[in-house]
Amino acid sequence: MAKEGSEKAEETEKMIDQEAAKEAAEGSGSSSLRAAADPKEMRAVLLSGFGGLNKLRVAKKVMPEPQEGELKIRVKACGLNFIDLMVRQGNIDNPPKTPLIPGFECSGIIEALGESVKGFEIGDRVMAFVNYNAWAEVVCTPAEFVYKIPDDMGYSEAAAFPMNFVTAYMMLFEVANLREGMSVLVHSAGGGVGQAVAQLCSTIPNVTIFGTASSFKHEAIKDSVTHLFDRNADYVQEVKKISLDGVDIVLDCLCGENTGKGLGLLKPLGTYILYGSSNMVTGETKSFFSFAKSWWQVEKVNPIKLYEENKVIAGFYLLNLLFKQNRGGLIKGIMDKLITLYNEKKIKPLVDSLWALEEVKEAMQRIHDRGNIGKLILDVEKAPTPLLDCSLSGKKGFQEAWERKGLSKERHNYYYKKRIN
């Protein structure tokens, strides 16, 4: 029996190594792409059309060169946001034409300067907003959207910084005018924006933070908020048990029925801010039913009622503010304040996990499943982790093997489920 068990163990290990080699060969689209000899080409994530995860792949693209007023950045890390998932599905207003390179923020090293650029030098470590095209080895973007990275901030943290913290800061301080003693309700408290909101609220004395999040995240984020509720619970009643009058600020990234609930929770002179609509995303591809349902559930706003109740309703969309409404100067001022707070060690980006460009599908699935605590990052220099095809002999038989190989449980479970279905 012992000999038989030993033989089975050796066979299992052999199958694992074979599968790892097989996936390395299959990802050698990725190996060959990584070893691209042409200095004018780069690796990039390409979205070939709107739809599911199968619309994403890593491909060779011609490397861009900076135009007047632009900087060329050798990318080290890219941020993933829920809006990237909605872009992939085509679930946004006026989506651009495909094929395209997704992504709106990155960090890296300046490699070249366009004409008339001042204040930067080749070799500077920077983080930047990009109007698409961020998920690539090289990007070019106007200098007004680029910011120098603090000395003790790494590239992963820098890629997790701009979108989340600027969004959180603008909503709290520019739109809602957060002050001492106020209360804030934030949905998706375990996500990148939610954690940025919690950290920024902690810079103001006596701010009470109510948060909703999936129950499995509670242990990890319980110290960042004052009161934490399950996202599926009746949070309205739970908030009112603690604060009968409700809250001063509601930050809603869900939309749908939560709009009415949020407005109902506002105190007089309170502010409700909608900054996302993740409830419209229920499947891998765009669903017109989900869109219609969320739209139907949205509270029909009556201006007379707002005026009678002394309430404010607002919306915030950072990308439009930057790229369509020309507020780059305003955002630069906000970034300066945020970098000061970082240097004072009052805020710090929370990175959930790092993924290779070739693992973008898995990273997006993690966002879709709301599995992340903090920000997911594409690490441009990271090699893909070998994966197991658990369907060969069943999940149970491979459990010890994948643990010995050091594979993450999330990746194992995702691929096991994906391949057996």
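Here goes a summary of the coordinates provided. Computed from a prediction, not measured in an experiment: that's the story for all the values here.

Parameters at a glance
Residues numbered from 1 in each chain as written. Predicted model: local features only at pLDDT ≥ 70, side-chain atom pairs only at ≥ 80, totals over all residues. Heavy atoms only, no water. Helix = DSSP H or I, 4+ residues; strand = E, 2+ residues; numbered from the N terminus. Buried < 20%, exposed > 50% of the residue type's maximum accessible area, 1.4 Å probe, protein only. Phe/Tyr/Trp six-rings, centres within 6.5 Å; stacked < 30°, edge-to-face > 60°. Pairing = 2+ DSSP bridges. Right-handed = clockwise from strand over helix to strand, strands pointing away. Axes fitted to C-alpha atoms, helices over the stretch in contact; angles between N-to-C directions. Contact = heavy atoms within 4.5 Å.

**Here's the deal with the overall build of the protein**
So, point 1. Broken down by element type, the protein carries 16 helices and 15 strands.
So, point 2. Taking all 421 residues of the protein together, the buried fraction comes to 52%.

**Topic: the packing of aromatic side chains**
Working definition: an aromatic ring pair is given by the centre-to-centre distance plus the angle between the planes.
So, point 1. For the structure shown, the criterion picks out seven aromatic pairs.
So, point 2. The interplanar angle of 85° and the centroid separation of 5.0 Å between the aromatic rings of F145 and F323 together place this pair among those described as edge-to-face. Taken together, the residues span a long stretch of sequence, with F145 in the loop between β6 (138-142) and β7 (146-148) and F323 in helix α12 (residues 318-323) at a distance of 178 residues.
So, point 3. Taking relative accessible area as the criterion, F145 reaches 6% and is therefore assigned buried.
So, point 4. Among the residues examined, F323 registers a relative accessible area of 18% and is labelled buried.

**Section: unusual backbone geometry**
So, point 1. Residue P99 follows T98 across a cis peptide bond; omega there is 0°.
So, point 2. Relative to the assigned elements, P99 resides in the loop between α3 (82-89) and β4 (105-113).
So, point 3. One non-glycine residue with positive phi stands out, namely L269, at about 70°.
So, point 4. Relative to the assigned elements, L269 resides in strand β12 (residues 266-274).

**Considering the pairing of strand β9 (residues 208-213)**
As a general feature of sheets, a regular strand has side chains that alternate between the two faces.
So, point 1. Counting buried positions over the six residues of β9 gives five, a clear majority of the element.
So, point 2. The sheet contact formed by strand β8 (residues 183-186) and β9 spans four bridges and is parallel. Of the residues in β9, the one forming a bridge with V184 is I209.
So, point 3. In terms of handedness, the path from β8 via helix α6 (residues 192-201) over to β9 forms a crossover that is right-handed.
So, point 4. By the bridge criterion, four bridges tie β9 to strand β10 (residues 227-230) in an arrangement that is parallel. Bridge pairing in β10 links G211 to L228.

**Looking at the sheet that holds β10**
So, point 1. What the six strands build is an open sheet, ordered β10-β9-β8-β11-β12-β13; its pairing is parallel. A single partner strand is all that each edge strand has here, and the edge strands are β10 and β13 (312-315). Going across the sheet, the axis of each strand differs from the next one's by a mean of 15°, ignoring polarity.
So, point 2. Sheet topology note: the β8/strand β11 (residues 247-252) ladder contains three bridges and is parallel. Bridged to L185 within β11 is V250.
So, point 3. Strands β8, β9, β10 and β11 of the sheet are contacted by helix α8 (residues 235-242), whose axis makes an angle of about 155° with β10.

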